[in-house]
Amino acid sequence: MKIRIVSLLASVAAGSVLASPAAAQHAGHSPAEPQQSAEAQADAKTKCEEEAERHRAMGHPVADGACEPAAQPEAAMDRSQMDHSTMDHGAMTAQDGHSGMTMPVDAARPQALPESHEGMDHGSMPQGKPAEGAMDHSQMNHGEMGQAEASSSMDHGQMDHSQMNHGETPSQDRQGMDHSAMQMGSDDDIPLLPPPPEAGSGPARAAVAIWGEEAMNEARRELVRETDGGMRFWFQGDRLEYRAREGKDGYLWDIQGYYGGDIDKFWFKSEGEGSFGEPIEGAEVQALWSRAIAPFFDFQAGVRQDLTGPERTHAVIGIQGIAPYQFEVDAAAFVSTKGDVTARFEGELDQRITQRLILQPRAEIALSAQDIPELGIGAGLDRIEAGLRLRYEFAREFAPYVGVSQEWRIGDSADFARAAGEDPSVTNYVVGVRFWF
Amino acid sequence: MIAVNRRKFLGAGAGGMGLLGLAGAMPAWARGADILAGNARKGLDEISGPNIDLTVARSAFATGNRRGGAIAVNGTIPGPLLRLQEGTTVRLNVHNQLEEDTSIHWHGLLVPFQLDGVPGVSFPGVKPGETFTAEFPVRQSGTYWWHSHSGLQEQAGHYGAIVVDPAGPDPVQADREYIVVLSEFSEMSPHTIFDKLKKGEGYFNYNQNTWTDDYPLSGEDRRMWAKMRMMPTDILDVSSAAYTYLLNGHGPLDNLEYLFRPGERVRLRFINAGAMTFFNIRIPGLPMTIVQADGQNVEPVEVDEFQIGVAETYDVVVTPGAQQAYTLAAESMDRSGMGIATLASATGARAAIPPLRDPPLLTMADMGMSGMDHGSSGDAGMSGMDHGSGGDMAGMDHGSSGQSEMAGMAGMSGMQMRDTSLLPPDVKVGPGLDMVSMNPVDRMGDPGIGLADVPHRTLDYRKLRALTPHREGRTPSRRMEIHLTGNMERYMWSFDGKKFSAVSDEPIRFAYNERVRVKLVNDTMMAHPIHLHGHFFELVNGAPADRQPLKHTVILQPGGSAQFDLTADEPGDWAFHCHLLYHMHAGMFQIVTVANPDGSEA
C-alpha cells in the first residue's frame, strides 16, 4: 500500500520525491522498509558547517556558503560546489563496507566517486542537503582514517566497524545501531549544565500573577497533597484460625495494620491464642511508629502490652519488610518493665501454585536472654513454630486456608512446660481465613 | 479522489455506533431500562465552531457485565470530539456540575499557560457550579485530546478527542476518517484502584508466574526474580481484572463499527486516553501506514502492529477492501484483555477476533541490563549487542560483559540491582527508589514490551521522521538528566527520587528560547509515558536535527533511556509528569518553568 501525499508544501524543494510512492524513494532498498528514508538525512546548518570544516581539514575544497539556512533547502547545499574529487576513498580499505551505504551500487565503487557528489544518486535525499549527513558514515569502515576524525562530533576513530558486514545486516538493525552511535557522539559536545541565570530561581509562580496569590496557593497545596500518595488505613487479619489438636482445640489470632503515608506510619499488631473453654493463654498488642528506611524495610519502635499473665509492658524495636527471595520477615526485640530481654523472628513466603492458590510456609522463633519462670520462658532458644498453610484467594483480600502448624518449646522452656503438665511439642491442624482491607 | 465530507461520515458513523451499542449488542440482561437509565451514552459526538460548551457532570456507565459510577462530559463517554480549525480563535466554556473541582487540559494544544488546565500549576481549577472559559488562537493542526487534570477524574470518563483541521491542504488525504479513542472502564472507583495498588502488590495481576505457569522461565530465572523481589510479569499495574477496554466508549461486546467502501483510504486517528493502559494496535489482514504521531505529521511508515502509550496519539491510513470486514484489536500491553471494533464494508459484517497472545515477560534490558540479554532475543537486547560491537561507547565496554559471563538471564552474580553510585548526586536515594539501571541504553528502537519478537512489522521511535523540516536547527546549549524512579512494592513513583511534594518549590527551570537536550533515564522496570505540557519536544532518535519527530509524550522503556531536544519557547509554568494516572497521583510529577522572553521570571 502506497501513501499518496498530494500537494505537499510545494516550497519543499524535493517535494517531487516525497510525493512519489514510497517504493520509488527507496530504489535499491527493500520497499517493505519505509523507515529507510531515514538514510536520506537532511542536516541542519550547523551540522553542515561542521562537516564542511571537517572536509576542509581533510584537504577537500568546500566552497564557502555551501551551507545555507535550512529555509532554502535547494540552496542549502550546492552539491556541485562541493568537490570531493580529492577525497581519497581508496584509503578506506574495507570496501565491502560500502554496500551498506545509500549510494547506488555503481557509485559505491571507489572509481565512481571522484567526480563530485553529482555523481552520486541523491534521489533518496529529499532536501538535497549535505551529502555527509545523508551518507551514514557510521556504516563505513573509518578504521583507517585515523585521529583526524576523532575530533569531530562523531567519534569515528573509536568505532571499529571493521568486523561488521553491513551488506548482510538487516537494514533495521543497521539503522538502530548507527543512530545511537551518532547520538552518543554528539552528546559529548553538549555540556551537562544547570540552568542559566536567565531561567530564574525559586518556586513556580507564573500563575499567581494571573489568578492571585490566595487562589493559586490553595490550589498548589491541594496538588501537592494529591500527588503525595496520600494517607491510608490498612488492616490485615493474617491468621485467624481454629486449631484442632490433642486435648482441647484452640484458636489463634494474628492481626496487624497501619495508618500513615509512604514513609511514616502508625503500626499496630495483636496476637493471641487459647483453648476453648479456658482463659486466654496469651495475648498482646503492640503500638509502633514505623518508618520506611530502605526500599523493602521499615524500622519499627514502640510499646507492647501483654494482656494476659503477669503485668508486663515492653519496649519494642524491630524491622519488618521483604527480604530477598520474597520472604516477608518481621524481627523484633523486646525489653520488659522487669528488664527481661526477649526477641522474635517471623518469616513467611508466599508460593503461588496458581494465580489464586497459594502455599505459605511460615516459621517463628522466640529467643530469651534469661529465664523468666513466671512466663515459662527459658534462656536461649525458647520456642519454634513451623507452619504450612494453603489458601485460596477468592479475592486478593479474602482467602480461607487450611494448614498445619507445629510448635516446639525448647530447652528450659520445654522443662517449664513439662513441669506445668503441658506437652512441649504440639501439632495444630488449622483452618482459618486471611483477609485485609 | 472522491470528495467527501469527513464530518458527515464521522457523525453518521458515530451515531450509528451508539444506537447499535445500545439496542443490538447489549446482553439481554443489560437491556433493562433500570440499568441504562441515567447512564452516559457511549461517545462520540462532534462539536465545532468558535464557541464550545462542555458540561462536566456525575453519571453512570455500563458495558458488558460492568457498570458503575462515572463522570461524563456533555452526557457521553468519551466526551465530545472538538473539531477545531487552525488559524481561528476558539472559546471553550467548561461548566462544572460536579460537587468537586474539575479542570480540562487541552492535551497537545499550544495555549497560553494559564489556560492549560492544570489546577495548582496553570490555574486554580474550576469550582463546583462555576464556568471556566479558555479562549485562545488555534495555532496548529492534528489529532489531540482533552482530559481532566483534577484528581483521578480522567479514569472515570472525563476525556475526549480534539481534531484540528489544517489551515492549508492536509498532506494526508483520506476518503473518510474516524476517531479511535482508547480508554478503560472500571466498576471500581479510581480511588479504590489506587488504594489497592498501594496496599497489595500485584493486586490486579492474574498473569503472575506460578508453579504451574507456561512461562519460558528456568528455575534459575525464577529464583533470580524472587531474589530481586520483583515480578517478571509486572507489565501494567492495572489489568482486565479491573478494566473493560473501550474504543470510543464501546466495550468488546458493544459492536463498534467503522464502515468503509472497499478501496477507500480510511484515516484512523488513535488516541490513547486510557489512565493506565498501553495498547497494541492491530488490524489483522490490513497494513497500517503511520502518518502522524502526537498530532505532528511524520513520514509515512507502514506497519502491521504498533504500541501506543498512554496519552500518545497516532494517525494511520488504511485501505480496506480485500475482506468484507476487519477486526481492530486493541490489546492491552499485558495481554489481559482487549478492546474490539470492526472495520465493516456493510453493517453487521464481522471478521475473526484474534485470540489474546501469551503475556510477555520483562527482559534483562527491562532490568536496565541491556547488552547482557543473551537469554531472550528481544530487539532491545540486540541493540545492546550492537553497541557492543560498535565500539567503546559512553565508556561502557559491553563487549566484556558478553557471552562469557552471561550464559542466560540468571547469571546475576556481581550484578547490583541498586548501585546508587551510578546516580547523579541530585537523585535522592531513599525508600522510594528500589532499583538503579546498571546500563540504561537508549531504547528508542524498541517497539515496546512484548512486540520485539512478533513476526510482523512494528513501529518504534527510530522509524519516526518529521514530514517537513522544522525551523529549529540549533544544537542544544546544555544537557540535563532526569531519572525516573520508583518503588513497586510501596507504589511510590517520582522523578530523581523525589515526589512532587518534596520539590514543589523547586521547578525545572529553562531560560526563554533555551534549547536543551533532556535525557530521561528509567530506573524502574515499568514503561512510563512522560508528558511535557505546552511544548513539543523532538525525540533524539537518529534523525537529522530538523527531522527529529515532534512529540508531547515519550515512552521510557523499562531500564532504558531516551533523549529529547526541547526549545523552551512557551513562557510560564507547565506540568511535567508520567501520564500513568496513578503514577502521577503517587508523586511522579513536576513543574517546568520557562522564563519570559524579557528574562523576567515567569
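Rules used throughout
Residues numbered from 1 in each chain as written. Chains lettered and ligands numbered in written order. Predicted model: local features only at pLDDT ≥ 70, side-chain atom pairs only at ≥ 80, totals over all residues. Heavy atoms only, no water. Helix = DSSP H or I, 4+ residues; strand = E, 2+ residues; numbered from the N terminus. Buried < 20%, exposed > 50% of the residue type's maximum accessible area, 1.4 Å probe, protein only. Pairing = 2+ DSSP bridges. Axes fitted to C-alpha atoms, helices over the stretch in contact; angles between N-to-C directions. pLDDT = per-residue confidence, 0-100. Contact = heavy atoms within 4.5 Å. Salt bridge = Lys/Arg side-chain N within 4 Å of Asp/Glu carboxyl O.

The name recorded for chain B in an unreviewed UniProt entry is Copper resistance system multicopper oxidase, from Sphingobium soli.

An unreviewed UniProt entry lists chain A under the name Copper resistance protein B, from Sphingobium soli.

## Brief notes about unusual backbone geometry
With an omega of -5°, the peptide bond running from Ile77 of chain B to Pro78 of chain B counts as cis. When you line up the elements, Pro78 of chain B lands in the loop between β5 (76-77) and β6 (81-85). If you check the backbone angles, Tyr325 of chain A has positive phi at about 70° while not being a glycine. Positionally, Tyr325 of chain A belongs in the loop between β6 (313-323) and β7 (327-336). Given a relative accessible area of 37%, Tyr325 of chain A falls into the partly exposed group.

## Quick word on the sheet that holds strand β10 (residues 142-147) of chain B
Residue and element names in this part refer to chain B. Spatially, 5 strands are ordered β2-β6-β11-β10-β8 in an open sheet, and the strand pairing comes out mixed. Where the open sheet ends on each side, the last strands, each with one partner, are β2 (46-48) and β8 (105-107). In this sheet, adjacent strand axes meet at a mean angle of 25° when their direction is disregarded. Pairing of β6 with strand β11 (residues 159-165), which is carried by 4 bridges, proceeds in the parallel orientation. What sits directly across from Leu84, in β11, is Val164.

## Re the confidence of the model for chain B
Residues and elements named next belong to chain B. Residues with a pLDDT of 70 or more make up 86% of chain B, whose mean pLDDT is 87. Long-range and interchain partners of residues 1-36, a stretch whose pLDDT sits below 50, account for 53 contacts in this model, where long-range means more than four residues apart. This stretch, residues 373-413, has a pLDDT under 50; its non-local contacts, to residues over four places away or in other chains, come to 75 contacts. On the interface metric, ipTM, the complex scores 0.87, and its pTM is 0.78.

## Quick look at the pattern of salt bridges
Residue and element names in this part refer to chain A. Under the defined criterion, the tally for this structure stands at 74 salt bridges over all chains. Two residues, Glu284 and Arg304, come together in a salt bridge whose shortest N-O distance is 3.1 Å. On the criterion of sequence distance, the pair formed by Glu284 in strand β4 (residues 282-294) and Arg304 in strand β5 (residues 297-306) is long-range, its members being 20 residues apart. Take Glu284 and Arg304: they sit in the same class, and that class is buried.

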